[in-house]
Amino acid sequence: MTRTVLITGASSGFGEACARKFAASGDNLILLARRVERLEQLKAELSGHAHVHCVAIDLTDAAALQRTLAALPEGFQAPDILINNAGLALGLSSADEADMQDWETMINTNITALVRMTRLLLPGMVARNRGHIINVGSTAGSWPYPGGNVYGATKAFVQQFSRELRADLLGKNIKVSNIEPGMAETEFSLVRFKQDKDKADTVYDGTQPLTAQDIADIIHWVCSVPPHVNINAMEVMPLCQAWGPLKIDRTMS
Ligand code: NDP
Ligand code: 8X3
């Protein structure tokens, strides 16, 4: 059965890879992001496989989001799968030095826009008694690191919000899953370091990070398990990444 899949942040990274993966299984796609030329290019590439509707939108703009969803064309008005993927980290400064505007942008994008989108689409899913919400969290939502501060906290919100949704939706045919990747090479670090490519590249130097394709394959599988199975959360790291010991400062006593 053809599904309608709404993907936020489809202009690069995980979202773009998800668009390709779901198009390959013949699903209809609604693709959202700000960079419209990227979306149009993707639409042209995928149109042999899937029906694609794309919209250039800043997801932090509440009115634009309402307009976009109200104007979904026929055939795209009942998303079965929502992939809440759009998000970003900005900066890696200590909390006492971080840029307040960066913090607000992360909160507005990673939390507020995700919550709004979910709230706007859920009533339709409940009315149809059919749906799957995939949230893209992060290992940063569980495991703190220096400079992660607000970014990690937004992903901790996404983790708990995903669980709270499951609790509210019990008894309905609506799944919720939080996908929690570790280090993956996308445009994520380029964005975090404000287009400083050398700095972004050093994040992945000497490693074999996750790829966007790895995460798209996992998300696609999570959406393909039998109807009675809900993957609540999936934490995924590259093999080259793991936890370190808790740090102890020995200069304080
Ligand atoms: P990318 O930077 O490659 O992709 C981010 C996507 O989000 C882009 O399509 C971007 O589109 C979109 N986006 C950001 N802000 C907005 C906005 N205000 N309105 C609309 N779209 C927006 O990074 P990833 O693919 O890696 O990131 C996807 C998700 O995965 C994020 O939530 C990120 O936090 C999470 N993540 C990433 C990890 C990694 O190591 N890469 C690991 C764990 C989680 P555009 O700029 O065109 O608007
Ligand atoms: C992205 C992974 O470790 O850079 O969410 O925060 S990390």
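Data block above holds the structure.
Reading the values: the criteria
- Residues numbered from 1 in each chain as written.
- Chains lettered and ligands numbered in written order.
- Predicted model: local features only at pLDDT ≥ 70, side-chain atom pairs only at ≥ 80, totals over all residues.
- Heavy atoms only, no water.
- Axes fitted to C-alpha atoms, helices over the stretch in contact; angles between N-to-C directions.
- Helix = DSSP H or I, 4+ residues; strand = E, 2+ residues; numbered from the N terminus.
- Parallel < 35°, antiparallel > 145°, perpendicular 65-115°, else oblique.
- Left-handed = near helix turned anticlockwise from the far one by under 90°.
- Contact = heavy atoms within 4.5 Å.
- Nonpolar A, V, L, I, M, F, W, Y, C, P; charged D, E, K, R; others polar.
- Buried < 20%, exposed > 50% of the residue type's maximum accessible area, 1.4 Å probe, protein only.
- Polar contact = N/O pair within 3.5 Å; in protein donor to acceptor, adjacent residues only side chain to side chain.
- Disulfide = S-S within 2.5 Å.
- Near = heavy atom within 4 Å.
- Areas by Shrake-Rupley, 256 points an atom, 1.4 Å probe, with all protein chains shown as cover.
- Expected span 1.5 Å × (residues − 1).
- Core = buried A, V, L, I, M, F, W, Y, C linked by side-chain atoms within 4.5 Å.
- Pairing = 2+ DSSP bridges.

A. Region of the structure containing the packing of helix α1 (residues 13–24) against helix α2 (residues 36–46). Across the interface, α1 lies against α2 with an axial gap of 11 Å and an inter-helix angle of 20 degrees. Between α1 and α2, the interaxial angle falls into the category roughly parallel. Handedness of the α1/α2 crossing: right-handed. From α1, Glu16, Ala19, Arg20 and Ala23 reach across to α2, where they touch Leu42, Glu45 and Leu46. Considering only residue class, the contact of α1 with α2 consists of 4 nonpolar, no polar and 3 charged.

B. Broad picture of the environment of Glu180. As for its position among the elements, Glu180 is in strand β6 (residues 174–181). Look at Glu180 and you get buried, because its relative accessible area is 4%. In the structure, Glu180 is positioned 51 residues away from Asn129 in sequence and 26 Å away in space, judged by C-alpha atoms. Contact partners of Glu180, with chain neighbours within four places excluded, come to Gly137, Ser138, Thr139, Ser142, Gln159, Ala233, Met234, Glu235 and Val236. At 3.4 Å, the side chain of Glu180 and the side chain of Gln159 are in polar contact.

C. Region of the structure containing the state of the cysteines. Within this structure, the stated rule accounts for 0 disulfides. Of all cysteine sulfurs, the one in Cys18 lies closest to Cys223, which takes part in no disulfide; the gap is 8.3 Å.

D. Inspection of the site of ligand 2 at higher detail. In the vicinity of ligand 2, the residues found are Ser138, Ala140, Tyr145, Tyr151, Phe188 and Arg192. Between Tyr151 and ligand 2, the recorded distance is 2.6 Å, taken from a side-chain N or O atom to an oxygen atom. In isolation ligand 2 has 240 Å² of accessible area, and contact with the protein removes 80% of it. The residue inventory of the shell around ligand 2, partitioned by class, reads 4 nonpolar, 1 polar and 1 charged.

E. The arrangement of helix α5 (residues 149–169) in detail. With 21 residues, α5 ought to run about 30 Å at 1.5 Å a step, and its terminal C-alpha atoms sit 30 Å apart, in line with that. Along α5, the residues classified as buried are Val150, Tyr151, Gly152, Thr154, Lys155, Val158, Gln159, Phe161, Ser162, Leu165 and Leu169. Check the buried side of α5 and you find it contacts α4 (100–128), β5 (131–136), β6 and α6 (188–192). The first or second residue beyond α5 is Gly171, which carries a positive phi of 95 degrees.

F. A look at the nonpolar core. One finds Ile7, Phe22, Leu29, Leu31, Ile83, Ile134 and Ile219 to be the most contacted residues of the largest nonpolar core, which totals 36 residues. The residues touching Ile7, leaving out its near neighbours within four places in the chain, are Gly15, Cys18, Ala19, Leu29, Ile30, Leu31, Leu32 and Ile83. Judged by nonpolar contacts, the second largest core, of 26 residues, contains Leu6, Val55, Ala64 and Leu65.

G. Just the sheet that holds strand β3 (residues 52–56), in detail. Judged by pairing direction, the sheet is parallel, and its 7 strands sit side by side in the order β3-β2-β1-β4-β5-β6-β9 without closing on themselves. Of all the strands in the sheet, the pair left with one neighbour each is β3 and β9 (233–236). With strand direction ignored, the average angle separating the axes of adjacent strands in the sheet is 15 degrees. Bridging between β6 and β9 involves 4 bridges; their strand directions are parallel. Along β9, the bridge assignment pairs Asn178 with Ala233. Where α4 meets the sheet, it contacts β1 (4–8), β2 (28–33), β4 (81–84), β5 and β6, and its direction lies at approximately 170 degrees from that of β4.

H. Quick peek at unusual backbone geometry. Within the chain, Lys194 stands out as a residue other than glycine whose phi angle is a positive 50 degrees. The topology assignment puts Lys194 in the loop between α6 and α7 (197–204). If you check the backbone angles, Gln195 has positive phi at about 70 degrees while not being a glycine. As for its position among the elements, Gln195 is in the loop between α6 and α7.

The quantities given are spatial measurements derived from coordinates; they are silent on function.
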